[in-house]
Amino acid sequence: MRDCVKTRGGYDRVLMAVAASFLTVSATSALAQGDAPRSSAAELAIEAAIPRPEPANVPPPTAADIKLDTTATVSPDSAKTPAVPQDTAAAPAAPAIKPADSAAAPATEPDKAATAPAAAPNAPATAAAPATDTAKDPVKAASNVPAADQPVADRLRDLMTTKGARYLDRKAERAAVEKFYTTRDYAPIWTQSGNLTAAAKGVIARLKEAASDGLNPADYPVPDFAAAATSPDALADADLKLTASMLDYARQAQSGRMHWSQVSGDIQYPEHPIDPNEVLANVTGAKDASAALDSYNPPQKLYKELKAKLAELRGGAEAAAIQIEDGPALKYTPARGKNAPEADAQMSDPRVPQLRAKLGVENPSDDRYDAKVAAAVRKFQDSVELKPTGILDDRTVKALNTPKRDKQIDTILVNMERWRWLPRDLGAPAIGDAYVILNIPDYTLKVMQHGAQVWTTRVVTGKPGVHATPLLSETMKFITVNPTWNVPPSIIYNEYLPALQQDPTVLERMGLRLERARDGSIHISQPPGEANALGRIRFNFPNKFLVYQHDTPDKYLFAKDERAFSHGCMRVQYPDQYASVLLNIAEPNQHYTPEKIRSMYGSSEIDLKFPTPIPVNITYQTAFVDDAGKLQFRKDIYGRDATMIAMLKNNRGKDLENVVAHAQPSYSRPTGPLPSAVSVAAGNDYSSGPNFFERLFGGGGFNPTPPAPIGRRGQPRGVFTR
């Protein structure tokens, strides 16, 4: 009972509070609606001149007017907007919310203009109405593509979406092309209103001249835009095809038609692929698109000189070639005896002047077969793989008269291809673009700086076969004076261990030290000294092939014309001069001289480090232009030319660009039993310690990481040094 009374009392208090609130609100409204105190006559006149909004005769809302909009999404800001009666929102007040109409209203219809501010609170609700229509029917964004090109753009969008891989088989290039087209709303790149642009004409001209750069124009087909001009589908197809050909040209001009790993496992050059995004922007945005596309070819002077000679050979007429008639064999015999005149020992023949002219020997009117003519004949015989006797016999005459232009052209083509493998910047900018370049078939080494030759010398390179000197680009980091020769594992395996089986004392007699580690591995070394196999200086540019340049006690080999005698390393004729030249480039304030270098000779190793490493480029140039501007050919001692010519002529296309994995060199030291009579160095109880690579190049300076296998696997290759 008490609970009921208590509950009823609570209801009574609530009702009283509601009634009091109602009376307070009613009183306030009444006071607000009462007449305000009258102002002065001037104020009344001003108020009368101010336009007032017309009263809105809006009927009171009914239950039907209050219904929830289930289709619109109310934002937090719109939720705060006062509710607007439906009739007011539906009233034809659209012109009042347009800025142009509102701005013009005061001049013509003041009353309506004065009404505009009152309608402002309704603007959000009014503006929300078109949103529903937009959601139902999206408005397409305005295109920047000219109306005449829009059908082509629509077709390009479809082709890239559905058939992009058919035009561009490389994922990175396909993504770059799609991005490039997207940024231009798929407007065609190479045409405007069906007509070729200046950029298109430049690109087409360069593609058609691809042969001048040693490339095959058939690899970069040019679509027929004239035939495609009447069809958007054909124009879109042609646009994509020219884009693909342009990228193919740029890629192969820069990196080559074949990857160096296709040729041999003992080649290692740094990769420098194109950036397709950069190519697209560069070529299409250049004033001269042909020159921009041409810039992806090698910039080196020697490459450009080969290109010029290629044009000369292709433009020459065989009918104008000098023919040597048949006749007796001609041989040069030096004069015998101290007082015998040289001329008496020389053969004369009416064919010799033609021979001199054909081989470029001086005194073309002289008919004597002298030492210079014989030397030129010997050089020619060597270039065509005849025995270099220097005798003008029937086989030599036939070779001289046989059109050799095709073979020379092929040789130039593969040499131009190898230039594409080399880094674009051969030198180090911090030291005047200095670098070392060694040409294996020419057996020469040159030091270059500021684009000019600083110094040159003869070298001995690796023997053909498994001892071939590898092709590479690395940086020389230091020179070692009085080096220890740590015999490479390959030589230990293949030469010294078999020799020990025959003669257990052979190493001791050669001055070599044999040590065995606790793990059973064998290490053979030769201490510094005049008899050291590396001579007095070693030039270190760490690389995975374990090769380097060095001095040698076998100086007599430099007198030979062909000097492929080493196990892969390069022997330098004048190492003290070479060292002083390099050190003066790296440290010009130290004023090194050959005498200063020789003063360091002794029994302890001395490392001279370069503040800035000097790039070393090992090349294989069987065709080059000498300082006199004459085209020179050298013997293909490693068969690189023959391999590359055959591959290019087999028409394997883009497959040649794939990377081929080769077996990586092993740096582990040999193990195995030794003959009982072999002398092992005292104090041989040492740990295995650093591997051969670390012993060779100072340890920790280089960590050779074999590249991940890509493509098909090649035959395992051994790595041999010295």
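For the structure, see preceding data.
Here's what I pulled together on the structure shown here. Everything quoted here is computed from the prediction, not taken from an experiment.

Regarding the overall build of the protein
Okay, step 1: Along the backbone of the protein there are 25 helices and 19 strands.
Okay, step 2: Counting every position in the protein, which comprises 722 residues, the buried fraction comes to 41%.
Okay, step 3: Taken as a whole, the protein presents about 38900 Å² of accessible surface, with 55% of it coming from carbon and sulfur.

Describing the pairing of strand 6 (residues 435-439)
Okay, step 1: For strand 6, the tally of buried residues reaches five of five residues, placing the bulk of the element in the interior.
Okay, step 2: The alternating pattern of strand 6 places Tyr435, Ile437 and Asn439 and Val436 and Leu438 on opposite faces, both of which are buried.
Okay, step 3: Taken together, the five bridges between strand 6 and strand 7 (residues 444-449) define a ladder with antiparallel strand orientation. Across the sheet, Val436 pairs through a bridge with Val447, a residue of strand 7.
Okay, step 4: Here strand 6 folds back onto strand 7 in antiparallel fashion, the turn holding four residues, of which Tyr443 has a positive phi close to 55°.
Okay, step 5: In the sheet, strand 6 pairs with strand 17 (residues 606-619) via four bridges, with the strands oriented parallel. Across the sheet, residue Ile437 finds its bridge partner in strand 17, namely Asn617.

Quick word on unusual backbone geometry
Okay, step 1: Of note, the phi angle at Asp433 is positive, near 55°, even though the residue is not glycine.
Okay, step 2: A relative accessible area of 42% places Asp433 in the partly exposed class.
Okay, step 3: The backbone phi angle of His450 is positive, close to 55°, even though this residue is not glycine.
Okay, step 4: Turning to its location among the elements, His450 is positioned in the loop between strand 7 and strand 8 (452-462).

Considering the packing of aromatic side chains
Okay, step 1: Under the counting rule described, the total for this entry stands at six aromatic pairs.
Okay, step 2: Where Tyr181 meets Tyr186, the ring centres are 6.1 Å apart and the plane angle is 5°; that geometry is what we call stacked. For the pair Tyr181 and Tyr186, one class covers both residues: buried.
Okay, step 3: Ring centres of Tyr220 and Tyr249 lie 5.4 Å apart, and the angle between their planes is 75°; on these two criteria the pair is classed as edge-to-face. In this pair, Tyr220 is assigned in the loop between helix 10 (198-208) and helix 11 (225-228) and Tyr249 in helix 12 (residues 232-255), connecting sequence segments 29 residues apart. This pair shows no difference in class: Tyr220 is buried, exactly as Tyr249 is.
Okay, step 4: Taking the ring centre of Tyr592 as reference, the NZ or CZ of Lys596 above it sits at 4.4 Å.

With respect to the packing of helix 12 against helix 13 (residues 276-285)
Okay, step 1: Closest axis-to-axis distance for the helix 12/helix 13 pair is 11 Å, and the angle between their directions is 110°. With respect to their mutual orientation, helix 12 and helix 13 come out roughly perpendicular. Like other packed secondary-structure pairs, helix 12 and helix 13 cross with a definite hand, here right-handed. Taking contact as the criterion, the partners of Thr243, Met246, Leu247 and Ala250 in helix 12 are, on helix 13, Pro276, Val279, Leu280 and Val283.

Some remarks on the environment of Arg378
Okay, step 1: Note on placement: Arg378 falls in helix 17 (residues 371-383).
Okay, step 2: Note: C-alpha distance between Arg378 and Thr396 (18 residues apart in sequence) is 9.6 Å.
Okay, step 3: In contact with Arg378, not counting residues within four places along its chain, are Pro388, Thr389 and Gly390.

Digging into the sheet that holds strand 12 (residues 522-526)
Okay, step 1: One open sheet accounts for three strands, arranged 10-12-11; its pairing is antiparallel. Each edge of the open sheet carries a strand with a single partner, namely strand 10 (485-486) and strand 11 (513-516).
Okay, step 2: Sheet topology places strand 11 next to strand 12; four bridges connect them, and they run antiparallel. When the sheet's bridge partners are listed, Leu514 is paired in strand 12 with Ile524.

As for the pairing of strand 12
Okay, step 1: Counted residue by residue, strand 12 has five buried out of five residues, so it is predominantly covered.
Okay, step 2: Of the two faces of strand 12, both are covered, the one formed by Ile522, Ile524 and Gln526 as well as the one formed by His523 and Ser525.
Okay, step 3: Note: strand 10 against strand 12, two bridges, orientation antiparallel. Residue pairing for strand 12: Trp485 is matched across the bridge by Gln526.
Okay, step 4: Counting the residues that bridge the hairpin from strand 11 to strand 12 gives five residues, and of these Gly520 lies at a positive phi of roughly 90°.

Overview of the pattern of salt bridges
Okay, step 1: Counted according to the given criterion, the structure contains 30 salt bridges.
Okay, step 2: Residues Arg251 and Asp248 are paired through a salt bridge, measuring 3.0 Å at the closest nitrogen-oxygen approach. Residue Arg251 and its partner Asp248 are located together in helix 12, separated by three residues, close to a single helical turn.
Okay, step 3: We classify Asp248 as buried; its relative accessible area is 8%.
Okay, step 4: A salt bridge links Arg509 to Asp503; the nearest nitrogen and oxygen atoms lie 2.2 Å apart.
Okay, step 5: Relative accessible area serves as the criterion here: at 58%, Arg509 is assigned to the exposed category.

Observations concerning the nonpolar core
For soluble globular proteins, the rule of thumb is that nonpolar side chains tend to be buried together.
Okay, step 1: By size, the foremost hydrophobic cluster in this structure holds 90 residues, and its most contacted members are Ile412, Val447, Trp485, Ile524, Tyr578 and Leu582.
Okay, step 2: Ignoring any residue separated from it by four or fewer positions in sequence, one finds Ile412 in contact with Leu306, Lys309, Leu310, Leu313, Ala623, Leu631 and Phe633.
Okay, step 3: Counting 45 residues, the second largest nonpolar core, distinct from the first, contains Tyr167, Val177, Ala200 and Tyr220.

Considerations on helix 12
Because an α-helix packs 3.6 residues into every turn, residues spaced three or four apart end up facing the same way.
Okay, step 1: Between its terminal C-alpha atoms helix 12 stretches 35 Å, which fits the 34 Å expected from 24 residues at 1.5 Å a residue.
Okay, step 2: After helix 12 finishes, the residue Gly256 shows a positive phi value of roughly 105°.

Digging into the environment of His662
Okay, step 1: With respect to the secondary-structure elements, His662 resides in the loop between helix 24 (640-649) and helix 25 (692-697).
Okay, step 2: Residue His662 is classed as buried on the basis of its relative accessible area, which comes to 16%.
Okay, step 3: Through-space distance from the C-alpha of His662 to that of Asp266 is 8.8 Å; in sequence the pair is 396 residues apart.
Okay, step 4: Here the side chain of His662 touches Ser261 through a polar contact of 2.8 Å, landing on its backbone oxygen.

The rules behind each value
Residues numbered from 1 in each chain as written. Predicted model: local features only at pLDDT ≥ 70, side-chain atom pairs only at ≥ 80, totals over all residues. Heavy atoms only, no water. Helix = DSSP H or I, 4+ residues; strand = E, 2+ residues; numbered from the N terminus. Buried < 20%, exposed > 50% of the residue type's maximum accessible area, 1.4 Å probe, protein only. Areas by Shrake-Rupley, 256 points an atom, 1.4 Å probe, with all protein chains shown as cover. Pairing = 2+ DSSP bridges. Phe/Tyr/Trp six-rings, centres within 6.5 Å; stacked < 30°, edge-to-face > 60°. Lys NZ or Arg CZ within 6 Å of the ring centre and 35° of its normal. Axes fitted to C-alpha atoms, helices over the stretch in contact; angles between N-to-C directions. Parallel < 35°, antiparallel > 145°, perpendicular 65-115°, else oblique. Left-handed = near helix turned anticlockwise from the far one by under 90°. Contact = heavy atoms within 4.5 Å. Salt bridge = Lys/Arg side-chain N within 4 Å of Asp/Glu carboxyl O. Core = buried A, V, L, I, M, F, W, Y, C linked by side-chain atoms within 4.5 Å. Expected span 1.5 Å × (residues − 1). Polar contact = N/O pair within 3.5 Å; in protein donor to acceptor, adjacent residues only side chain to side chain.

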